[in-house]
Amino acid sequence: MTETIRFDGQVAIVTGAGVGLGRSHALQLAARGAKVVVNDPGVATDGAAGQVTVANSVVEEIIGNGGEAIAHRADVSSIEDVADMVGQATEKWGRIDIVINNAGILRDKTFAKMSMDDFRKVVDVHLIGSANVTHACWPIMRGQKYGRVLLTSSSSGLYGNFGQSNYGAAKAAMVGLMNVLAQEGARDDIRVNTLAPTAATRMTEELLPDEALALLAPESISPGVLYLVSKDAPTQFILGAGAGCYAQTRIYETPGIVLLDDENTPEAVAAAFADIQSPDNQQPMPNAFSQTSKFAENAAKARGLTLSWGKE
Ligand code: NAD
């Protein structure tokens, strides 16, 4: 098939790209023409010091395949490290078109047993790390009037997973960050999407049977990632991906109910709970104000009033 999606002349930063999913995204981007910053300090799954040369190995692989890449060992949770990485990339290549926030660690424990240090460390790498890298590249993308940002979430954050309160909270926060950045970036053609992957990597190898691991190769996910950071990418899209399967996750709001004045009691809320949850005519909300205006309009209508949104 013809490769209509290419990245020639574009520069991409992929965080945590020394192994696993990040490595696969970096290799596939480079194979389609992108110049890639392979970021990885080479830490262990829990963030402890590990194999520091992993980023260099991926760079060698890319160059061996005829591509262009540089390694950077920034810890994404350090603003200084990130500034240095973004500085080196722009000095060498003059622009940054794509940021793939992929770096991540795990420190699983039930909430009862988790220390707040472990909670904070996981939020620091996933959420603050993604914000640090994206924030450093944001003015560059605004100046170019072009940018593609990918955030990496997880089914643990979207749907919940026992023993991952720190990770689930950080991963669900990716959706909040995406929702706002997609709206703020739109005028400068900066598109922001979220990946919810499921792959056989060192993060999951203990959890899955061998046959499932064979199907869930990281390489089966990267084509979806390449589409989400391409010229014709959507924006504000949550893509679930694994084993060559792709699906969209969406947040909907039900039409709901109105309880007026004396009727607005906890007992009435309990009695109306089936109606509050009824999925008939549920809608995605385009932005935060849509909910405000919906509720104000519904309440006004129930009182026989008409609202005018223009300020006098
Ligand atoms: P992995 O452990 O194989 O790779 C993660 C990489 O991130 C490592 O190379 C590590 O050195 C790097 N890293 C860790 N802390 C870093 C830091 N502070 N700065 C820069 N790099 C850092 O993990 P993976 O399975 O490839 O996961 C990649 C991403 O996908 C993570 O964000 C993870 O949470 C997410 N994810 C993975 C799965 C899965 O099934 N594997 C599922 C859902 C989400």
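The written sequence of each chain sets the order in which its residues are numbered from 1. The predicted nature of this model means local features are confined to residues of pLDDT at least 70 and side-chain atom pairs, given and counted, to a pLDDT of 80 or more, with totals for whole chains, interfaces and linings taken over all residues. In computing side-chain properties, one takes all heavy atoms of the structure into account and sets aside hydrogens as well as water.

Draft legend 1. Structural context of the nonpolar core. The nonpolar core is taken to be a set of buried Ala, Val, Leu, Ile, Met, Phe, Trp, Tyr and Cys residues, with the residues joined through side-chain atoms within 4.5 Å. Burial classes follow relative accessibility: with a 1.4 Å probe on protein chains only, a residue under 20% of its type's maximum area counts as buried, one over 50% as exposed, and anything between as partly exposed. Counting 34 residues, the largest nonpolar core has Ile13, Val37, Ile96, Val133 and Val192 as its most contacted members. Looking at this core, the elements with two or more residues in it are strand S1 (11-14), helix H3 (79-93), helix H4 (116-144), strand S5 (147-152), helix H6 (165-185) and strand S6 (190-197). The helix and strand labels rest on DSSP assignments: H or I over at least four residues marks a helix, E over at least two residues marks a strand, and numbering proceeds from the N terminus. No other element matches the 7 residues that H6 contributes to this core. For this analysis, residues touch if any pair of their heavy atoms sits within 4.5 Å. Look past the residues within four positions of valine 37 in its chain and what remains in contact with it is Ala12, Ile13, Val14, Ile70, His72, Met85, Ala89 and Trp93. Membership of the second largest hydrophobic core comes to 29 residues, among which are Ala26, Val58, Ile221 and Leu228.

Draft legend 2. Quick peek at the packing of H3 against H4. A fitted line through C-alpha atoms serves as each axis, taken over the contacting stretch for helices, and the angle formed by two N-to-C directions is quoted from 0 to 180°. It is the contact of H3 with H4, at a shortest axis distance of 9 Å, that shows an interaxial angle of 40 degrees. As judged from the angle between their axes, H3 and H4 are oblique. The handedness of the crossing between H3 and H4 comes out as right-handed. Contact residues: Ile79, Val82, Met85, Val86 and Thr90 in H3; Asn132, Val133, Ala136, Cys137 and Ile140 in H4. Residue composition of the contact of H3 with H4, grouped by class: 8 nonpolar, 2 polar and no charged. Roughly parallel refers to an angle under 35 degrees, roughly antiparallel to one over 145, roughly perpendicular to one between 65 and 115, and oblique to any angle outside these ranges. Note on convention: near helix rotated counterclockwise from far helix by under a right angle means a left-handed crossing. Clockwise means right-handed. The residue classification treats Ala, Val, Leu, Ile, Met, Phe, Trp, Tyr, Cys and Pro as nonpolar and Asp, Glu, Lys and Arg as charged. All others, Gly included, are polar.

Draft legend 3. Structural detail: the site of the ligand. Consider each residue's heavy atoms; a residue with any of them within 4 Å of a molecule or strand counts as near. Taken together, 30 residues lie around the ligand, and Asp40, Asn102, Tyr167, Thr201 and Arg202 are the ones closest in. Side-chain atoms alone can form a polar contact between residues adjacent in sequence; in general such a contact is a pair of N or O atoms within 3.5 Å, and within protein one must be able to donate a hydrogen while the other accepts it. A distance of 3.0 Å separates a nitrogen atom of the ligand from a polar backbone atom of valine 76. Note on areas: Shrake-Rupley with a 1.4 Å probe; residue coverage comes only from the protein chains shown. Taking 830 Å² as the accessible area of the ligand by itself, protein coverage stands at 97%. Buriedness of a pocket was judged along seven lines, with at least five required to meet protein on both sides within 12 Å; pockets are open sets of points on a 1 Å grid over the protein atoms alone, cavities are sets where a 1.4 Å probe fits but cannot get out, and lining residues have an atom within 4 Å of a point. In this description, a molecule resides in a pocket or cavity if more than half of its atoms sit within 2 Å of the grid points defining it. For the ligand, the cavity whose grid points lie within 2 Å of the majority of its atoms is the largest pocket. Looking at the shell around the ligand, the elements with two or more residues in it are helix H1 (20-31), H4 and H6. When its residues are assigned to classes, the shell around the ligand shows 13 nonpolar, 13 polar and 4 charged.

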